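Residues per chain are reported as follows:
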Amino acid sequence: MTGLPFPLTWLYVPGDRPHVVAKALASGTDVVVIDLEDAVAPDRKDYARDATADLLAHPQPVPVHVRINALDTPWARTDVKALLSLPGLAGLRVPKVAGPEDIRRLAARTAALPLYALLESALGIEHAYAIAAAHPALRGISLGEADLRADLGVRDDIGLDWSRSRIVVAARAAGLAPPPQSVHPDTRDLNGLAASCAHGRALGFLGRAAIHPRQLPIIERAYLPTEAELEQAETVVKAATTEQGAQALPDGSFIDAAVVAAARRTLSLTNRR
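Residues numbered from 1 in each chain as written. Predicted model: local features only at pLDDT ≥ 70, side-chain atom pairs only at ≥ 80, totals over all residues. Heavy atoms only, no water.

**Quick word on the pattern of salt bridges**
Part 1 of the argument: Overall, the coordinates contain 18 salt bridges when judged by the stated rule.
Part 2 of the argument: Residue Arg 44 is joined to Asp 16 by a salt bridge in which the shortest nitrogen-to-oxygen separation is 3.2 Å. Placement of the pair is Arg 44 in the loop between β2 (31–35) and α2 (45–56) and Asp 16 in the loop between β1 (9–14) and α1 (18–25), with a sequence separation of 28 residues.
Part 3 of the argument: You can call Arg 44 partly exposed: its relative accessible area is 33%.
Part 4 of the argument: Of the residues examined, Asp 16 reaches a relative accessible area of 11% and is grouped as buried. (Salt bridge = Lys/Arg side-chain N within 4 Å of Asp/Glu carboxyl O. Helix = DSSP H or I, 4+ residues; strand = E, 2+ residues; numbered from the N terminus. Buried < 20%, exposed > 50% of the residue type's maximum accessible area, 1.4 Å probe, protein only.)

Written as structure tokens, this is what we have:
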């Protein structure tokens, strides 16, 4: 697993660049994601897999996930075979998941290893809840926005908001953690990243994938609760421990089990401030 109840930063690094992976492990990110798929050219797949397997033969200082190649490619089975049961592997990120059977078939081969599905097509979005509820080994879902944008023919960013909300609802309906946002591709546009994170937080995301260490503090700052949010969460949790059922807070608002759960989630991030 991740070692944290709710990771906020997931740093992607190409699997065929071990020196970059080493820097990522020391970057302060919550989770390092070694990418064997989009970031690696076909003629470098074997090298990337072997280098990753060598690294993960030993426990790592932070959780390491690996994004394997898409399940319909010739590399995917070899990826899983090479990586499964390595002590440094905390989870597999599975690209281009189109339906629940993709997860069920993979889970049958990977035992209890945590799986994380990337939904990158219209079909994947259509099956979002079925995927999210497909198997106990599935611990999270998220979007692959670049491929989804191409599949939908979307040019303006707002055209993805329905899909974003769809996976947030699907994840929560299936009892999964709120999903992290997809990457912000312009690593120099830190103001744009901050604005995008604020929008993602408003949609219900929690945390974000990154492709450069300079993006990490922006993401963390955007997703950490404010002092006012922490104070409100403490008020909610305190009220819930002293009374049963729905009750009103001093400001007149009512709380119930869902509100209390959200408050506890907020307080779980307190020690990161």
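**Observations concerning helix α3 (residues 76–83)**
Part 1 of the argument: Of all the residues in α3, the buried ones are Ala 76, Asp 79, Val 80 and Leu 83. The buried residues of α3 all sit within an arc of 95° when viewed along its axis, so they share a single face. The exposed residues of α3 that point more than 90 degrees off its buried face are Arg 77 and Lys 81.
Part 2 of the argument: In this structure, the buried side of α3 is in contact with α2, β3 (64–67), β4 (91–94) and α4 (100–110).
Part 3 of the argument: Note on α3: the residue one or two positions beyond its end, Ser 85, has a positive phi of about 75°. (Arc of directions from axis to C-beta. Contact = heavy atoms within 4.5 Å.)

**Let's talk about the nonpolar core**
Part 1 of the argument: Ranked by size, the top nonpolar core spans 63 residues in total, and within it Val 66, Leu 83, Leu 92, Leu 119 and Ile 141 carry the most contacts.
Part 2 of the argument: With 5 residues, helix α10 (residues 216–223) is the largest single contributor of residues to this core.
Part 3 of the argument: If we skip the residues at most four places from it in the chain, Ile 141 touches Ala 117, Leu 119, Ala 128, Ile 131, Ala 132, Ile 167, Ala 170, Ala 171, Leu 176, Pro 179 and Pro 180. (Core = buried A, V, L, I, M, F, W, Y, C linked by side-chain atoms within 4.5 Å.)

**Describing the layout of surface pockets**
Part 1 of the argument: Its volume calculated, the largest pocket comes out at about 560 Å³.
Part 2 of the argument: Forming the walls of the largest pocket are 31 residues, and the residues nearest its centre are Gly 144, Glu 145, Ala 146, Ser 182 and Val 183.
Part 3 of the argument: Going through the elements one at a time, β6 (138–143), α7 (145–152), α9 (190–203) and β7 (208–210) are the ones with two or more residues in the lining of the largest pocket.
Part 4 of the argument: Residue composition of the lining of the largest pocket, grouped by class: 12 nonpolar, 8 polar and 11 charged.
Part 5 of the argument: The volume enclosed by the second largest pocket comes to roughly 360 Å³.
Part 6 of the argument: Arg 201, Ala 262, Ala 263, Arg 265 and Thr 266 are the residues nearest the centre of the second largest pocket, which is lined by 19 residues in total.
Part 7 of the argument: Looking at the lining of the second largest pocket, the elements that each hand over two or more residues are α8 (161–173), α11 (227–242) and α12 (257–267).
Part 8 of the argument: The greatest single-element share of the lining of the second largest pocket, amounting to 5 residues, is contributed by α12.
Part 9 of the argument: Its residues assigned to classes, the lining of the second largest pocket shows 12 nonpolar, 3 polar and 4 charged. (1 Å grid on protein atoms, 1.4 Å probe; cavity = no way out; pocket = protein on both sides within 12 Å on 5 of 7 lines; lining within 4 Å. Points joined across faces, edges and corners; volume = space filled by probe spheres on them. Nonpolar A, V, L, I, M, F, W, Y, C, P; charged D, E, K, R; others polar.)

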